[in-house]
Amino acid sequence: MTKTFSAKPGEVPRQWWVVDVEDMVLGRAATQIAMILRGKNKPEYTPHVDTGDFVVVINADKIKVTGAKLAQKFYYQYSGYQGGLKSISLEKLLEKKPEMVLKTAVKGMLPRNSLSRQQLGKLKIYASPDHPHEAQQPKKLDLLK
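Visitor: Could you give an account of the overall build of the protein chain, naming the residues involved and the relevant values?
Guide: Helix and strand counts for the protein chain stand at 5 helices and 6 strands. For the protein chain, the C-alpha atoms occupy an extent of roughly 60 × 35 × 30 Å along the three principal directions. Evaluated residue by residue, the protein chain yields a buried proportion of 39% over its 145 residues. When contacts within the protein chain are restricted to residue pairs at least 6 apart in sequence, long-range pairs at least 24 apart make up 70% of them. Counting every atom, the protein chain has about 9500 Å² of accessible surface; 53% of that belongs to carbon and sulfur. Seen as two clouds, the 24 positive and the 14 negative side-chain charges of the protein chain have centres 9 Å apart.

Following this line, the structure appears as structure tokens:
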């Protein structure tokens, strides 16, 4: 009789990956990064256990978007007070905080539960090609396959 395999949190091997998103489309890169963070690319994937890997994203300031999204897409923040709604366009946010754009896109592709907050903590995003995670010996991952 075969038993169904269920991964335990302490038994899952973690890998570090470096992803260069220069000239990649925002949504396509975000979906593949979210799959790696969740662990869906591994055979031991278990939905209720964090089986994903760490992802280091570089060159986030050089990511591309299609269509007229640069001028038409807005990000909103509400303080909870009357008149406290702030909005910023994608174009201005890419100039100001390019890491926030990719992090928001990946966050939207993860499930809405406490497990997703744990998985999002394994995402490290940097606007430049330099990152401080060389000690973890990350492997280069090509998402354009």
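There is more to say after this.
Visitor: Residues and numbers for the packing of helix 1 (residues 26–38) against helix 4 (residues 98–108), please.
Guide: Geometry of a packed helix pair, given as the angle between the helix axes and the separation of the axes. Packing of helix 1 against helix 4 brings their axes to within 8 Å, and their N-to-C directions diverge by 60 degrees. The pairing of helix 1 with helix 4 is recorded here as oblique in orientation. Handedness of the crossing formed by helix 1 with helix 4: right-handed. Touching Leu 26, Ala 30, Ile 33, Ala 34 and Leu 37 of helix 1 are Val 101, Leu 102, Ala 105 and Val 106, all from helix 4. When its residues are assigned to classes, the contact of helix 1 with helix 4 shows 9 nonpolar, no polar and no charged.

Visitor: I'd love a proper account of the sheet that holds strand 5 (residues 123–125), names of residues and values included.
Guide: Sheet architecture is open: 4 strands sit in the order 5-2-1-6, paired in parallel fashion. At either end of the open sheet lies a strand with only one pairing partner, and these are strand 5 and strand 6 (139–141). Mean inter-strand twist for the sheet, computed between neighbouring axes without regard to direction, equals 25 degrees. Across the sheet, helix 1 is in contact with strand 1 (16–20), strand 2 (54–58), strand 5 and strand 6; its angle to strand 2 comes to roughly 155 degrees.

Visitor: Before we move on, can you summarise the packing of aromatic side chains with the specific residues and values?
Guide: Evaluation of the coordinates by the stated rule reveals 1 aromatic pair. Positioned above the aromatic ring of Tyr 75, the side-chain terminus of Lys 73 is 5.2 Å from the ring centre.

Visitor: Please set out the pairing of strand 2 residue by residue, giving values where relevant.
Guide: In terms of burial, strand 2 is largely enclosed, as 5 of its 5 residues are buried. The alternating pattern of strand 2 places Phe 54, Val 56 and Ile 58 on one face and Val 55 and Val 57 on the opposite face, and all of these are buried. Bridge analysis of strand 1 against strand 2 gives 5 bridges, and the strand direction is parallel. Bridging across to strand 2, Val 18 finds its partner in Val 56. Here 3 bridges tie strand 2 to strand 5, and the two strands are oriented parallel to one another. Bridged to Val 56 within strand 5 is Lys 124.

Visitor: Which residues make up the nonpolar core, and what values go with them?
Guide: In this structure, Val 21, Ile 33, Val 55, Val 57, Leu 102, Val 106 and Leu 123 are the most contacted members of the largest nonpolar core, which totals 29 residues. Within the residue set of this core, elements represented by two or more residues are strand 1, helix 1, strand 2, helix 3 (90–96), helix 4 and strand 5. It is helix 1 that contributes the most residues to this core, 7 residues altogether. Ignoring any residue separated from it by four or fewer positions in sequence, one finds Ile 33 in contact with Val 21, Val 55, Val 57, Leu 102, Val 106, Leu 123 and Leu 143. In this structure, Val 18, Phe 54, Val 56 and Ile 58 belong to the second largest nonpolar core, which totals 5 residues.

Definitions and limits used
For every chain, the first residue of the written sequence is number 1, and numbering continues from 1 onward in sequence order. Where local features are concerned, this predicted model is filtered to residues with pLDDT of at least 70; where side-chain atom pairs are given and counted, the filter is 80 or more; whole-chain, interface and lining totals use all residues. Computation of side-chain values: all heavy atoms of the structure, hydrogens and water removed. Counting from the N terminus, the helices are the DSSP runs of H or I reaching at least four residues and the strands are the DSSP runs of E reaching at least two. Burial here depends on accessible area, computed with a 1.4 Å probe over protein chains only, as a share of the maximum for the residue type. Under 20% is buried, over 50% is exposed, and the range in between is partly exposed. Should any heavy atoms of two residues lie within 4.5 Å, those residues are considered in contact. All accessible-area figures derive from a Shrake-Rupley calculation using a 1.4 Å probe, and residue coverage is judged against the displayed protein chains alone. Positive residues here are Lys and Arg, negative ones are Asp and Glu, while His and the chain termini are left out of the count. Note on charges: their place is set at NZ of Lys, CZ of Arg, CG of Asp or CD of Glu. The axes used here are C-alpha line fits, helices contributing only the stretch in contact, and every angle between their N-to-C directions lies in the interval 0 to 180 degrees. Orientation is classified from the angle alone, with under 35 degrees giving roughly parallel, over 145 giving roughly antiparallel, 65 to 115 giving roughly perpendicular, and any other angle giving oblique. In this scheme the handedness of a crossing depends on how the near helix is turned from the far one: anticlockwise by less than a right angle means left-handed, clockwise means right-handed. The nonpolar class holds Ala, Val, Leu, Ile, Met, Phe, Trp, Tyr, Cys and Pro. Asp, Glu, Lys and Arg form the charged class, and all remaining residues, Gly among them, are polar. In this description, strands pair whenever DSSP reports at least two bridges between them. The aromatic pairing rule takes the rings of Phe, Tyr and Trp, using the six-membered ring of Trp, and pairs them if the centres are within 6.5 Å, calling planes under 30 degrees apart stacked, those over 60 edge-to-face and the rest tilted. Here, a charge over a ring means that NZ of Lys or CZ of Arg falls within 6 Å of the ring centre while also lying within 35 degrees of the ring normal. Definition used in this section: a nonpolar core is a set of buried Ala, Val, Leu, Ile, Met, Phe, Trp, Tyr and Cys residues joined via side-chain atoms within 4.5 Å.

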